[in-house]
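A look at the structure
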Amino acid sequence: MPEHLLNIASLRPGDLQGILETAAYFKKSSYRGRELAGKTVALLFEKPSLRTRTTLEVAALHLGGHAVYLDTRQVGLGVREPVKDVALNLGRWVEGIAARVNKHETVEELARYAGVPVINALSDTDHPLQALADLLTLREHFGRLEGLRLAYVGDGNNVLASLLEAASLAGMEVVVSTPEGYEPPAGLMERAGATLVRDPYEAVAGADAVYTDVWVSMGQEEETQRRLRDFRGYTVTPELMEAAGKQAVFLHCLPAHYGEEVVEEVVYGPQSKVFDQAENRLHTVKAVLAGLVGGRPWSG
Ligand code: CP
Ligand code: NVA
């Protein structure tokens, strides 16, 4: 069992497969357990959330434990007191921490000092919990992950970084289509063996899955005008899905900014798996908590 889940690279060989197997079993059996009995997970969120917060709270409850939501403005994370002191305090009271942070260094610092497992619930660079749900959704639909071709159209952001790492561990092929200047870090593309194709129509042709995320992530609001201009032509439309082919499913981590990276017809359309994906956030986070906080080995 790794100590923390700060990014997909925190996982050891076999962990990804084990988490997905455990999550699939939890889903199939509507699992309720006692792995977290008497245990508390602190949710320390610097940014808003629907899916991540709710699924962490529900998952803790399903495993017999409890989650405490902490608004970081109230806590004064790094303002009222240093991140290090928040970690040293929380570690005395709770058995795990899930943190959604502006800067990735904050989750690293929490992990350094808390003395309990720390889970990255989204940072500026990574969103590992999302990638786990994404892969579970694809595995359910296609019955396998190896060899699947995923086309990501849009911003080379935190969601894409974790998706690239997870997809490459699973033996998938990823094609990334971003406008110039919005590519993921070159090292990451290389490690994942991903290809960059500027033209979204060319990128999606023959793909098994088309994935997009918002063009303006939380914390980038002042770049909105520039981004809306730069991403023109990268909207996932019914025409783009048709170019992908009938076999292709559509994925989005949500929330969606309709009329920007995607239109409603695609999210509510026949190829969309986005609400299965949202459901799978629960089953995968339950597997993560059962393992990291509850000590239940992931079964591969
Ligand atoms: N996809 C996702 O992380 O959603 P929230 O921001 O609502 O948690
Ligand atoms: N890239 C988005 C994901 C939200 C779940 C953001 O960071 O705001």
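Refer to the structure printed above.
Throughout, residues of each chain are indexed from 1 in the direction in which the sequence is written. Here every chain gets a letter starting at A, and every ligand a number starting at 1, in the order they are written. Only residues with pLDDT of 70 or above have their local features reported here, since the model is predicted, and side-chain atom pairs are shown and tallied only from 80 upward, although totals for entire chains, interfaces and linings are computed over all residues. Side-chain descriptors were evaluated using all non-hydrogen atoms of the structure, hydrogens and water having been removed beforehand.

1. Section: the pairing of strand β5 (residues 149-153)
- Buried, partly exposed and exposed residues are distinguished by accessible area as a fraction of the type maximum, computed with a 1.4 Å probe on protein chains only: under 20%, between the cut-offs, and over 50%, respectively. A run of H or I in DSSP becomes a helix once it reaches four residues, and a run of E becomes a strand once it reaches two; helices and strands are each numbered from the N terminus. In terms of residue burial, β5 counts as a mostly covered element, since four of its five residues are buried.
- Two strands qualify as a pair provided DSSP detects at least 2 bridges between them. Direction of pairing for β5 relative to strand β6 (residues 173-177): parallel, over a ladder of five bridges. Each bridged residue has a counterpart across the sheet, and for Tyr 152 the counterpart in β6 is Val 176.
- You can see the chain leave β5, run along helix α7 (residues 158-169) and come back into β6, and the turn it takes is right-handed.
- Relative to strand β8 (residues 209-212), β5 runs parallel, the two sharing three bridges. Paired with Tyr 152 across the bridge in β8 is Tyr 211. A right-handed crossover is one whose linking path, passing over the helix from the first strand to the second, runs clockwise when the strands point away from the viewer.

2. Details of the site of ligand 1
- The environment of ligand 1 is made up of Ser 49, Leu 50, Arg 51, Thr 52, Arg 100, His 127, Gln 130, Cys 253, Leu 254 and Arg 281.
- Contact between ligand 1 and Leu 50: an oxygen atom at 2.6 Å from a main-chain N or O atom of the residue.
- Computed with the Shrake-Rupley method and a 1.4 Å probe, the accessible areas treat only the protein chains shown as cover for residues. For ligand 1, whose unbound accessible area comes to 260 Å², protein coverage reaches 95%.
- Any residue outside Ala, Val, Leu, Ile, Met, Phe, Trp, Tyr, Cys, Pro, Asp, Glu, Lys and Arg is labelled polar, Gly included; the first ten of those are nonpolar and the last four are charged. A breakdown of the residues in the shell around ligand 1 according to their chemical character gives three nonpolar, four polar and three charged. For each residue, the test is whether any non-hydrogen atom lies within 4 Å of the molecule or strand; if one does, the residue is near. Contacts described as polar in this section are N or O atom pairs within 3.5 Å, which, within protein, must combine one atom able to donate a hydrogen with one able to accept it, while residues neighboring in sequence count only if both atoms come from side chains.

3. Details of the site of ligand 2
- Around ligand 2, the neighbouring residues are Leu 122, Asn 157, Asn 158, Val 159, Asp 213, Val 214, Ser 217, Met 218 and Leu 254.
- Take Asn 158: an N or O atom from its side chain is 2.8 Å from an oxygen atom of ligand 2.
- Residue Ser 217 places a side-chain N or O atom 2.7 Å away from a nitrogen atom belonging to ligand 2.
- The protein chains hide 94% of the 270 Å² of surface that ligand 2 would expose on its own.
- Of the residues contributing to the shell around ligand 2, the split by class is five nonpolar, three polar and one charged.

4. What to know about the packing of aromatic side chains
- The criterion for an aromatic pair is that two Phe, Tyr or Trp rings (for Trp, the six-membered ring) have centres within 6.5 Å, with stacked assigned to planes under 30 degrees apart, edge-to-face to planes over 60 apart and tilted to the rest. Counted by the stated rule, this structure contains nine aromatic pairs.
- On the basis of an interplanar angle of 10° and a centroid distance of 4.4 Å, the ring pair of Phe 26 and Tyr 31 is categorised as stacked.
- Connected via pairs of aromatic rings, a cluster forms that spans Tyr 25, Phe 26 and Tyr 31.
- Here, a charge over a ring means that NZ of Lys or CZ of Arg falls within 6 Å of the ring centre while also lying within 35 degrees of the ring normal. The residue whose ring lies beneath Arg 53 is Tyr 69, and the NZ or CZ to ring-centre distance is 3.5 Å.
- Positioned above the aromatic ring of Tyr 31, the side-chain terminus of Arg 296 is 5.1 Å from the ring centre.

5. With respect to the side chain of Thr 237
- Mapping Thr 237 onto the fold places it in the loop between α10 (224-230) and α11 (238-244).
- Residue contacts follow a heavy-atom distance rule, with two residues in contact if any of their heavy atoms lie within 4.5 Å. Setting aside its immediate chain neighbours within four residues, Thr 237 contacts Tyr 201, Val 263 and Val 266.

6. Points about the sheet that holds strand β9 (residues 249-252)
- One open sheet accounts for five strands, arranged β7-β6-β5-β8-β9; its pairing is parallel. The open sheet has two free edges, formed respectively by β7 (195-196) and β9, since each of these has just one partner strand.
- For helices, the fitted axis covers only the stretch in contact; all axes are lines through C-alpha atoms, and the angles between them, taken along N-to-C directions, range from 0 to 180 degrees. α7 contacts β5, β6 and β8 of the sheet and is inclined by roughly 155° relative to β6.
- In the packing of helix α13 (residues 274-292) onto the sheet, contacts are made with β8 and β9, and the angle to β9 comes to roughly 50°.

7. Description of the packing of helix α1 (residues 15-28) against helix α6 (residues 128-142)
- At a closest axis distance of 10 Å, the pairing of α1 and α6 adopts a crossing angle of 70°. As the angle between them shows, α1 and α6 are arranged roughly perpendicular. Note that α1 runs across α6; the crossing there is right-handed. Here α1 contributes Leu 16, Ile 19, Leu 20, Glu 21, Ala 23, Ala 24 and Lys 27 to the contact with α6, which in turn contributes Leu 132, Leu 135, Leu 136, Arg 139 and Glu 140.
- The residue makeup of the contact of α1 with α6, split by class, is eight nonpolar, no polar and four charged. In what follows, roughly perpendicular refers to angles from 65 to 115 degrees, roughly parallel to angles under 35, roughly antiparallel to angles over 145, and oblique to any angle outside these ranges. If you view the pair so one helix is near and one far, a crossing is left-handed when the near helix is turned anticlockwise from the far one by less than a right angle, and right-handed when it is turned clockwise.

8. Observations concerning a negative patch on the surface
- Patch membership requires more than 30% relative accessible area and the absence of a salt bridge. Residues of like charge join within 9 Å; the nonpolar side chains Val, Leu, Ile, Met, Phe, Trp and Tyr join within 5 Å. Each salt bridge in this description consists of a side-chain nitrogen of Lys or Arg and a carboxyl oxygen of Asp or Glu lying within 4 Å of one another. Here Asp and Glu are counted as negative and Lys and Arg as positive; His is not counted, and neither are the chain ends. Charge coordinates come from a single atom per side chain, which is NZ of Lys, CZ of Arg, CG of Asp or CD of Glu. A cluster of like negative charges, contributed by Glu 239, Glu 242, Glu 264 and Glu 265, occupies part of the molecular surface.
- Listing elements by their share of the negative patch, those giving two or more residues are α11 and α12 (264-267).
- Following the sequence through the fold, Glu 264 ends up in helix α12.
- Judged by its relative accessible area of 43%, Glu 264 is partly exposed.

9. Concerning the environment of Arg 139
- Along the chain, Arg 139 falls in helix α6.
- Separated by 115 residues in the primary sequence, Arg 139 and Ala 24 place their C-alpha atoms 9.5 Å from one another.
- Excluding residues that lie within four positions of it along the chain, Arg 139 makes contacts with Leu 20, Glu 21, Ala 24, Arg 144 and Leu 145.

10. Focus: the environment of Val 58
- By the secondary structure assignment, Val 58 is in helix α2 (residues 51-62).
- Sequence separation between Val 58 and Lys 286 is 228 residues; the distance between their C-alpha atoms is 8.5 Å.

11. A closer look at the pairing of strand β2 (residues 66-71)
- The sheet contact formed by strand β1 (residues 40-45) and β2 spans six bridges and is parallel. Its bridge partner lying in β2, Val 41 is registered against Ala 67.
- Between the parallel pair β1 and β2, the chain is carried across by α2, and the sense of this crossover is right-handed.

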